[in-house]
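Coordinates in review
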Amino acid sequence: MIKFIDLFCGTGGFRIAVEMICNQYNISSQCVFSSDIDIDSQKIQHFPVL
């Protein structure tokens with residue numbers, strides 16, 4: 001399993017990319033922490049990715 005943190009994450013582009021690549025290669029992954037100072041980005045992170 002790959003565990004990672006997503007600092008200065010904005011809208012989560014890095015997290016989505018890591019999860020997609022890990023799924024493609026059947027590697028489990030877990031984002032254990034996300035952080036952004038921008039209040040609008042913080043709100044967006046709470047919506048699920050479809």
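That block above? That's the structure.
Note that this is a predicted model, so its numbers are computed, not measured.

The subject of this paragraph is the overall build of the protein. Along the backbone of the protein there are two helices and two strands. Its helices and strands taken in sequence order, the protein reads β-α-β-α from the N to the C terminus. Taken across its 50 residues, the protein has 20% of its residues classed as buried. Intrachain contacts of the protein at a sequence separation of at least 6 include 67% that bridge at least 24 residues. Accessible area for the protein stands at about 4200 Å²; split by element, carbon and sulfur atoms hold 62% of it.

Its twelve residues place the ends of helix H1 (residues 13-24) 17 Å apart at the C-alpha level, agreeing with the 16 Å of an ideal helix rising 1.5 Å per residue. A positive phi of about 55° marks Asn 26, the residue just after H1.

Conventions we followed
- Residues numbered from 1 in each chain as written.
- Predicted model: local features only at pLDDT ≥ 70, side-chain atom pairs only at ≥ 80, totals over all residues.
- Heavy atoms only, no water.
- Helix = DSSP H or I, 4+ residues; strand = E, 2+ residues; numbered from the N terminus.
- Buried < 20%, exposed > 50% of the residue type's maximum accessible area, 1.4 Å probe, protein only.
- Contact = heavy atoms within 4.5 Å.
- Areas by Shrake-Rupley, 256 points an atom, 1.4 Å probe, with all protein chains shown as cover.
- Expected span 1.5 Å × (residues − 1).

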